[in-house]
Amino acid sequence: MRLMGETDEELWRECIKGDADAFGMLFDRHADAVFRYCLSRCGSWHDAEELVSITFLEAWRQRNRLRPQRDTVLPWLLGVATNANRNQARASRRYADFVARLPHSDPRHGDHEADHAESVASRLDAERAVRELLDTTAGLNDGERDVVILCLMNGIGQDEAAKALGVRTGTVKSRLHRARAKLAKMTGHPEPGEQFDTTIVEARLS
């Protein structure tokens, strides 16, 4: 029986062989981090869930190309999510069926209307909080905005951010330096708030 303690690299080798169970375990391991990142990019709960589905569909399609570095596929997944977000307007509805089959993708039906209302309110609060953070990055260029969202809002390390964006670590550092200077000039603070608060997605994880 497969154990949850298996590394990403071990699971990915099974994925290359076509093992859907191994891929499902990688989804369970990284989907929430990918979702938080997508939400912090687009500010929409619904769009973030769709981006997660697109990201993992592309991961499955490209599984023969990937070789995990540092025993984690997360930076690569975040890179796929970054590109998916940029291309979302052109994304086909062919992903809809895949969305429906993903864990956590189906709507939750509570026993009480109050539970549903509370869930909707939590999601709206999350979207509002993220959009307020995104507003602070409006004066940045795309490259600077990418590293701010990855490193400052999601707490991703600079090396991992570089892998996600397909650039050098030095490029990430220089973009962060410029972004902090611009943010300090625009808002009086070098960063757009604290590291992205994971509690805003509690409704999705419950």
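Each chain carries its own residue numbering, running from 1 in the written order of its sequence. Residue-level local features of this predicted model are given only where pLDDT is at least 70; pairs of side-chain atoms are given and counted only at 80 or more, and the full residue set underlies all totals for whole chains, interfaces and linings. Side-chain numbers come from the whole structure's heavy atoms, not from hydrogens or water.

- For the protein, an unreviewed UniProt entry supplies the name RNA polymerase sigma factor and the organism Arthrobacter terricola.
- UniProt positions are given in the numbering used here, feature names are shortened, and annotations may be inferred rather than shown by experiment. The heading Sequence similarities (unreviewed entry) in the UniProt record of the protein holds the text "Belongs to the sigma-70 factor family. ECF subfamily."

## Focus: the overall build of the protein
- Helix and strand counts for the protein stand at ten helices and zero strands.
- Each helix is a run of H or I in the DSSP string that is no shorter than four residues. Each strand is a run of E no shorter than two, and both are numbered from the N terminus. Along the protein, helices (α) and strands (β) appear in the sequence α-α-α-α-α-α-α-α-α-α when read from the amino end.
- We call a residue buried when its accessible area falls under 20% of the maximum for its residue type, exposed when it is over 50%, and partly exposed in between, using a 1.4 Å probe and counting protein chains only. Burial analysis of the protein (206 residues in total) assigns 42% to the buried set.
- Residue contacts follow a heavy-atom distance rule, with two residues in contact if any of their heavy atoms lie within 4.5 Å. If you take every contact in the protein between residues at least 6 apart in sequence, the share linking residues at least 24 apart comes to 68%.
- Total accessible area on the protein is roughly 11300 Å²; 48% of this is exposed by carbon and sulfur atoms. We get accessible surface area from the Shrake-Rupley algorithm with a probe of 1.4 Å; when it comes to residues, only the shown protein chains can shield them.

## Describing the nonpolar core
- Nine residue types can take part in a nonpolar core, namely buried Ala, Val, Leu, Ile, Met, Phe, Trp, Tyr and Cys, and a core is a set of them joined through side-chain atoms within 4.5 Å. Counting 49 residues, the largest nonpolar core has W12, V34, F56, L78 and L150 as the members making the most contacts within it.
- Those elements that provide at least two residues to this core are α1 (8–16), α2 (20–42), α3 (45–61), α4 (74–86), α6 (113–135), α7 (142–153), α8 (158–165) and α9 (169–187).
- At eleven residues, α2 tops the list of elements feeding residues into this core.
- Each domain's extent is set by a domain assignment, obtained either automatically or from a database. No fewer than three residues from each of domain 1 (1–101) and domain 2 (120–205) sit in this core.

## A short note on the pattern of salt bridges
- Whenever Lys or Arg places a side-chain nitrogen within 4 Å of a carboxyl oxygen from Asp or Glu, that contact is recorded as a salt bridge. Applying the stated criterion across every chain, the model contains eight salt bridges.
- R61 serves as the salt-bridge partner of E58, at 3.3 Å between the closest nitrogen and oxygen. Of the two residues, E58 and R61 are both situated in helix α3; the distance of three residues between them amounts to about one turn of the helix.
- Salt bridges here are not isolated pairs; linked through shared partners, they connect R41, R86 and D146.

## Overview of the environment of R128
- Positionally, R128 belongs in helix α6.
- For R128, a relative accessible area of 47% translates into the label partly exposed.
- Spatially, the C-alpha atoms of R128 and G43 are 7.5 Å apart, while their sequence positions differ by 85 residues.

## Let's talk about α3
- One fewer than the residue count of a helix, multiplied by 1.5 Å, yields its expected span. Under the 1.5 Å per step criterion, the end-to-end length of α3 is 25 Å for 17 residues, consistent within 8% with the ideal 24 Å.
- Of all the 17 residues making up α3, 13 are buried; the element is thus mostly covered by neighbouring parts of the structure.

## A look at the packing of α7 against α9
- As a packed pair, α7 and α9 sit with axes 9 Å apart at the nearest point and diverge in direction by 95°. Our classification of the angle between α7 and α9 gives roughly perpendicular. On α9, the residues touching G143, E144, V147, V148, C151 and L152 of α7 are V172, R175, L176, R178, A179, R180, K182 and L183.
- Under the scheme applied, nonpolar residues are Ala, Val, Leu, Ile, Met, Phe, Trp, Tyr, Cys and Pro; charged residues are Asp, Glu, Lys and Arg; polar residues are all the others, including Gly. Residue composition of the contact of α7 with α9, by class: eight nonpolar, one polar and five charged. All axes here are fitted lines through C-alpha atoms, helices being fitted over the stretch that makes contact, and every angle between N-to-C directions spans 0 to 180 degrees. Relative orientations are named as follows: roughly parallel for angles under 35 degrees, roughly antiparallel for angles over 145 degrees, roughly perpendicular for angles from 65 to 115 degrees, and oblique for any other angle.

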